[in-house]
Amino acid sequence: GDDDPDEQPATDAPDTTSEPAATGDAEPADEEPDGESATDVAEPADDVAEPVDEEPAEAAEPADVGEITVGVLVPLTGELGEFGKIVADAIEFGVGEINAAGGTRCGTIRTVVADTGGDAETGIREATNMIESEGAVAVMGPTSGVMVALVDLAHREEVVIMSPYAGTINLNELGGNFVYRTVSSDLGDGAASGLWLSSRGYESVAFLIQNEESTISPAEVARDEVSGSGIEITDFIVYNPGQPSYQAELTTVLANNPDAIFLAGGQESGVTVIKEAVAGGFEGEWLFTADLAVPEIFDAVGAELINDKAFVEFADADPSLPEFIAFEERYDKAGDPFAPNSFDMITLVALSLEAADSCNGAGINSVIRGVAHSDGAEVSTFAEGRDILASGGAINYEGASGPLVFDESGTVSGAYTIQQAINGEWVNVEFYPASTFDG
Amino acid sequence: MLLLQFFVSGVATGCFLILATIGFSLTRRVEGFLNIAHAELLGVSAFTTWWLNSHHGWHVLAAAVAAIAFTALVGLGIARVVYDPIRHREPAVLLITSTGVAFVIGGALHGLIGTGIRTLDIGLAQRYEAFGLRVTSHQLIVVGLAAAVSVSLAVFLNRTRTGLAIRAMAVNPELAASRGVNLSATSRATWLLSSGLAGLAGVMLAMLATLTTDLAFAQILQILAVAILAGLGSLYAVILSGLLVGVAMDVSAYWIPAGYRPLVAFAVVIVVLLFRPAGLAGTRSA
Amino acid sequence: MTLPGGANALNGVLLEARHISKRFSGLQAVGGANGLSFSVDRGAFVGLIGPNGAGKSTTFDLMSGVQTSDTGSVLFNGHDITRSSTDTIAEKGIGRTFQTPRAFESLTVLQNVVAGATSPGESLRWAFGRSWRSHETATVEAAEAILRRVGLHERAAARVGDLSGGELRMLEVARQLVRDPTVLLLDEPTAGVHPGLQERLAQLLQDLHRDGVTLVVVEHNLHFLLALADHVLVLADGELLAQGPPADIRADPVVIAAYLGDGDVA
Amino acid sequence: MLLEVRDLVSGYGRVTILHGVDLTVAAGEIVVVLGPNGAGKSTLMKTIAGHLRPSKGAVVVDGADITGRPAQDVAAHGVGYVPQEHNVFRELSVRDNLRVAALSSQGTKDRLEAVFERFPILAQRASQRAATLSGGERQTLAVSSALVGDPRVMLLDEPAAGLAPLFIKQMVEWVRDLADAGMGVVWVVEQNPDLILAASARTYLVEGGRITDEFDSQELLRPGRLRELLLEERQQTGSKSPPA
Amino acid sequence: MNWPQLLVTVLTLGSIFGVVTLSLNLQYARGGMINFGIVAYFAVGAYTYAIFTQPPPQGLDQYKFGFGWPWWAAVIVAGLAALVFAAVTGWPTLRLRGEYLALTTFAFAEVFHSVLLNERRIGNGTVGLARVERPFGDWGPIEEKYVFAGAAALLLVATLVVFRRLLVSPYGRALDAIRDDETAAMAAGKPAQQMRRQVFLISAVPVGFAGAVYAMFTTLAQPSLFTAEVTFIVWIALVLGGERSVYGVVLGTLGLVFFEEIVRAWPFETVRSAQIAAAVEHVVTGLVFIAVLRYQPFQAAATRLRASR
Ligand SMILES: Nc1ncnc2c1ncn2[C@@H]1O[C@H](COP(=O)(O)OP(=O)(O)OP(=O)(O)O)[C@@H](O)[C@H]1O
Ligand SMILES: Nc1ncnc2c1ncn2[C@@H]1O[C@H](COP(=O)(O)OP(=O)(O)OP(=O)(O)O)[C@@H](O)[C@H]1O
Ligand SMILES: [Mg+2]
Ligand SMILES: [Mg+2]
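What you see is a predicted model; the values in this text were computed from it and never measured. (Residues numbered from 1 in each chain as written. Chains lettered and ligands numbered in written order. Predicted model: local features only at pLDDT ≥ 70, side-chain atom pairs only at ≥ 80, totals over all residues. Heavy atoms only, no water.)

Student: So, the overall build of chain D: which residues are in play, and what are the values?
Tutor: For chain D, the count of helices and strands is ten helices and ten strands. C-alpha atoms of chain D, sized along the principal axes, occupy 50 × 45 × 35 Å. Burial statistics for chain D: of 244 residues in total, 59% are counted as buried. Counted over contacts in chain D with a minimum sequence separation of 6, partners at least 24 positions apart contribute 66%. (Helix = DSSP H or I, 4+ residues; strand = E, 2+ residues; numbered from the N terminus. Buried < 20%, exposed > 50% of the residue type's maximum accessible area, 1.4 Å probe, protein only. Contact = heavy atoms within 4.5 Å.)

If you want it as structure tokens, here you go:
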């Protein structure tokens, strides 16, 4: 008897797949991900962006609608709570600017904020709530695992989801339609790390990788890069976080005594590993990943242990960009990791609402690529963009985190910074602009 | 040699597990249920230590003693308010209630402490080398404490009046009362003791690890593994089983990827239980 | 189960223990040096007595599959059941009670007795159907009749947790009676049972005996047992100390020294 | 009076089992409690021992009113109790069972030695878990444990159930010795009453939650008297007598 | 508050988890087996469904198998896979008792989780399998989410009916006897081992189905969805509902999911308030558990429900 209920809708199933296609030609491509179709996605989407310029004034709804809701779905608890807060704060700042400038054509922006704790199921339930009950047209800020879980929901509900830090390579395939990110893929991180490790003249390097998608895949890229340049990889250890001590993981690393350790881990495990490695006699250099790129690390570890010897690699805005400098002047926490990316995210959404012909997710989705990148006028704030759009022009948003060009998977290519621990502070020592990895 | 080094770190891992589990096992034995909130008590103690040490500049020893005492009292208070009124109910009800308690403590800790990492204001561990093997002062402290706690608990339970009363109450509280055991005093002693042991383990956690509010609860799985392997309610077997799990986990890293360490812990549990269906201490036949 | 030969017909050996033994860490509970051997004739009423810790209950355990003999074998109807599981042995027709009553706590008194019987609805194949219902009605009737026989009919709907010590013991017996066993092993059926009820129990056992049920009864209450049994086995330290008709046993000086004391109890 | 029970009413939850029981025990006296199954004998013991709270009446030990006090207080007033069921600590060894019982008194070692001397079988089994004892061994341990605590009043609920005749004799002897030294004993008995009756002074008959009669125990020992009494009682309870 | 949405989520998730709780109830309350690794059977269902419906690997995929079967076939296979998994894990563990069984099953689940996490050829490791097929579409005027919720509820009702049928039969009584006292039950001719095994296997099947539906719901099969926390939640639901009654169990599960949803239904408009709410939510959840277990409202409700029938 268990199957009877399910059989009925079976006949309806094909409808589901064809239905979202109504919103954009891009959709069917998702159904047959056979490699080439990925490129198909980009073109129609770009096409969609163009007609927008022609009919900007044709507002489907009156401008005095009052409020338009966007969801902020970030981890406020759990391992990534720290980052979730940075993102949510930066979005809040962006919303403040937008509303101060009079809000969008669809009304002033209202945010609803929820904590995922990094949990995919919670993410789905909260997002559903935001969309169904609060009427959110976009959901911003999920971490990788949650983001992946939301892809289908985004398509079903025709709501845009965006993340400023979900680097997962999974999205390299899943993203592109309703799903965007203002950060580059993890693969770029790996490449940058690899480049840096290869350039230091080490003879041997050990890899200590926290058992997570977002750390393993870039680490594998880095490993290929490093071993490709003839450096010996003494260990490639994937460990589980949440342990009181990581002695077992460190045993062989310390025995092999490499010139450097590439540590791709969270703060909790990272700090313990660093302390235990140094206590265990390790005197070489370190390369950390984004999670450790915060000043608290110096307190937690003891600055003297890592001064001069430690480096950190993370996706970063180009600090020399005028847009970033301008942002930094307005927002005092602009230097926090992913703050510019988050600001860009909300600004893009707001501008897309201006450009679209309807005040919903489908509208945003149909224009966002064009807003982010076109032959139009370069703008870097909401107010500038809105004015140009209102006068019928096209815009090209240049974000605080970079120029923001979405590729077919809705991902931007990014730049990377290497910082060094000097006197208890992270100091820039190297910058890899996005162009570094083009070849 | 490398293998021996793994063994050394396994012993230290095991000793931490012993410390974390022994109080849990005591509660299981006397109160008859798996007190999931035990793990959160580790957190209470760890953060109390941190707060006194890093925030108020107490010496770490003083902070530790205060934290242990505080945790013992917290444990006792929870028992009075939450567990006592539902004592007569099935163990499953108490177990789930303790999960509720864990939520409350976890949420409160999170509310008070917030995200981010915390470390004690103590120096880096000292390193000692002998016969080509390396140990740190922290590892030695953990091992020493585990040994001391195990021995004194064994002596306490077997040689002292309170200890005997605790064991009697564990088996049959009604009869114990008729044999003159003061139930409320004994229960109080048990909670103070088991929570105090959680406190001690929490101090060790603070010493070894980088604290986050989730870290303490992350230990519950291994605590369960060790407790079950020992044979629930047996305290001596906890020592053996803690060492077994610790050594197996760490030594396994010699052959298989470290990511599989938790798997090893539980594989050991499965294998042992298949041969000894009531745990290492098991006297009950299937 | 009634035998054509009528009451007390001895049609040869029904249950036999051959050199069985059981050892618990360092203690030979049953069997002594050479293993314990004895046999029970079909339709017999055998008393099994002996000092505390002699191994009587353990012997029952070995015969009913609750524990497995270290050596030797147990034969029932000529079949080796030494290593059979408790439930298959029970299905073969050996019923037993436990010295400490073991009731099913979550069932009522009546359901406890009904659960003693085996219903076709207990197999997964039939459970979903309804064909077991008629059988069920019959079992419930049988169970009610048995409850009346052991004096528990008024408590049929009670939770077993509410029973007094003596009532529980009668329930233990009732649960086996509903199975119509060929052999019934009773472990101290009168312990804690009031003398009035003891007489009723004696009557019941006599009836069963007359119906041809083979009985093996462990008892310290010799008033009760020796009046009923037609053969007595005396166990001491796991070994057979003596056996014979009740009168001989009562007079046996060895038995008196090991078990009875002055002998005035019996 | 060492133990005085006045008009005791008690039961389980809303079910009242005892409907006003009066009973007294003097120092040095063994009183027997007889009655059919389910009459409320165990309920009476449990209530005196503090495992059940009476809804009415009083329990007085040596002048101290202990009505409704928890079991541990009752024990502290010198009342020892051997329940009918669950009367040993199953998971503890025989020796630890006895040690717990001796907790509240001095000279544990000597007391244990005395028990082991009286019942060598317990000495043999000293480190065996109580759960694995034979039925009779367990009863022996239960009674021994209660006696080790040196109580002034002893409540024994069917202590001889499952005991071999030889053991019953030893146990009666021991209890008699202690009673002679001033202990008061309430002994609930069903099976084999003769031995205990011989050692006791008075017998209470409990039926339907009331004391329906009181006898001189020696009188009950007259051949046939007990049987007469029980038959009479059976007619009272109205059960069908089995066909002879 | 958007009640239809709230109810639809409660119905969908409540039904999915309700099936799992019911199966646990059968295993525990009737079979006397504490399965603390129930999440593994759930995960087996979800992964099986994902693997059997997904296309063969390509691009960055690390998984090795993808069969592209129709969804209904994959659901059936998910149930079977859970059955097989139960047979494999039950074979060595079922002779254990009580909490030992609990922890061995728990250990199995952890081992399984660890394998999913580290063995990337099964389901892409930590990444998991995304965009799992969600078969239902709008059904006439009825929106897809209602159809989906209805399907989930149907699975729950079907499970309930089948289990109840089993439990009111003598089979159920024999199970009770075995749980109460295995030795005594065997002495009454009950094949305890065999029946326990049967119950363990039977109850795994709906869990497999529920896992498949859950994979559809989340469109994801990822290790992080199948942590011990799921086991805890289901157990909490079971105990909240009062583990002796099937209605209580269902009510408990629905109540728990409802509670989880209702605390989320309040929109927080600022980061600060959301942050406070996140911490408070844990505390409140914990307090509610404690209170519910103390006063047992679901159990009482279930008793009334039964009495009124
Ligand atoms: N699991 C066990 N471990 C150790 N010893 C045991 C175990 N089970 C039984 N014994 C011992 O085996 C002996 C025989 O026990 P059994 O129960 O068969 O005696 P019994 O003849 O029935 O005595 P009683 O008349 O007192 O019931 C006892 O001395 C008992 O202590
Ligand atoms: N826990 C309980 N809850 C409810 N009723 C109970 C409980 N225990 C006993 N009873 C009932 O109380 C009555 C008296 O029981 P009690 O145990 O006092 O009898 P008893 O005289 O000791 O009998 P026995 O000689 O069989 O031990 C009986 O009818 C019994 O069913
Ligand atoms: Mg016996
Ligand atoms: Mg009684």
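Student: Give me the arrangement of the chains: which residues, what numbers.
Tutor: Between all six pairs of chains that are in contact, chains A and E come out with the most contacts. Nothing in chain A touches chain C; the tightest C-alpha to C-alpha distance between them is still 14 Å. As for chain E relative to chain D, no contact occurs, and the smallest C-alpha gap between them is 15 Å.

Student: Tell me what's going on with the coordination of the magnesium ion (ligand 3), and back it up with residues and numbers.
Tutor: The magnesium ion (ligand 3) binds to the protein through C:Ser57 (OG) and C:Gln99 (OE1), with metal-donor distances spanning 1.9 to 2.1 Å. With a gap of 42 residues between them, C:Ser57 in helix 1 (residues 56-64) and C:Gln99 in the loop between strand 7 (94-96) and helix 3 (109-116) connect regions that are remote in the sequence. (Donors = N, O, S within 2.8 Å, 3.2 Å for Na, K, Ca; no water.)

Student: Any chance you could break down the coordination of the magnesium ion (ligand 4) for me, citing the residues and the numbers?
Tutor: Looking at the magnesium ion (ligand 4), the protein donor atoms are D:Ser42 (OG) and D:Gln84 (OE1), and they sit 1.8 to 2.1 Å from it. One end of the pair, D:Ser42, is in helix 1 (residues 41-49); the other, D:Gln84, is in the loop between strand 6 (79-82) and helix 3 (94-101), and 42 residues separate them in sequence.

Student: Outline the interface of chain B and chain D, supporting the account with residue identities and numerical values.
Tutor: Facing the 21 residues of chain B at the interface are 27 residues of chain D. On the chain B side of the contact with chain D, B:Arg161, B:Leu164 and B:Arg179 bury the most area, a combined 34% of that side's loss. Counting the contacts that link chain B with chain D gives one salt bridge. The shortest N-O distance in the salt bridge between D:Asp96 and B:Arg167 comes to 2.6 Å. Inspection of the region where chain B meets chain D yields nine residue pairs in polar contact (both at pLDDT 80 or more). (Buried area = accessible area lost by both parts, 1.4 Å probe. Salt bridge = Lys/Arg side-chain N within 4 Å of Asp/Glu carboxyl O. Polar contact = N/O pair within 3.5 Å; in protein donor to acceptor, adjacent residues only side chain to side chain.)

Student: So what's going on with the domain arrangement of chain C? Which residues, and what values?
Tutor: Residue and element names in this part refer to chain C. By the assigned domains, chain C splits into domain 1 (11-102 + 180-260) and domain 2 (104-162). Placing a centre on the C-alpha atoms of domain 1 and another on those of domain 2 gives a separation of 27 Å. Domain 1 puts six residues into the contact, and the matching count from domain 2 is six residues. Of the roughly 480 Å² buried at the junction of domain 1 and domain 2 (both faces included), carbon and sulfur atoms supply 46%. Its largest share of buried area at the contact with domain 2, domain 1 owes to Glu-91, Arg-200 and Leu-204, together 66% of the area lost on that side. Put simply, domain 1 and domain 2 have one salt bridge between them. A salt bridge links Arg-149 to Asp-207, with the nearest nitrogen and oxygen atoms 3.9 Å apart. At the junction of domain 1 and domain 2, the tally comes to two residue pairs in polar contact (both at pLDDT 80 or more). (Domains from an automatic or database assignment.)

Student: Give me the lowdown on the site of ligand 1, citing residues and values where you can.
Tutor: The immediate surroundings of ligand 1 are formed by 21 residues, with C:Ser57, C:Thr58, D:Ser134, D:Gly136 and D:Glu137 found nearest. Close to ligand 1, residues of chains C and D are found. C:His220 is positioned such that a nitrogen or oxygen atom in its side chain is 2.8 Å from an oxygen atom of ligand 1. D:Ser134 places a side-chain nitrogen or oxygen 2.6 Å from an oxygen atom of ligand 1. Burial of ligand 1 by the protein amounts to 90% of the accessible area it has alone, namely 640 Å². Residue composition of the shell around ligand 1, grouped by class: five nonpolar, twelve polar and four charged. (Near = heavy atom within 4 Å. Areas by Shrake-Rupley, 256 points an atom, 1.4 Å probe, with all protein chains shown as cover. Nonpolar A, V, L, I, M, F, W, Y, C, P; charged D, E, K, R; others polar.)

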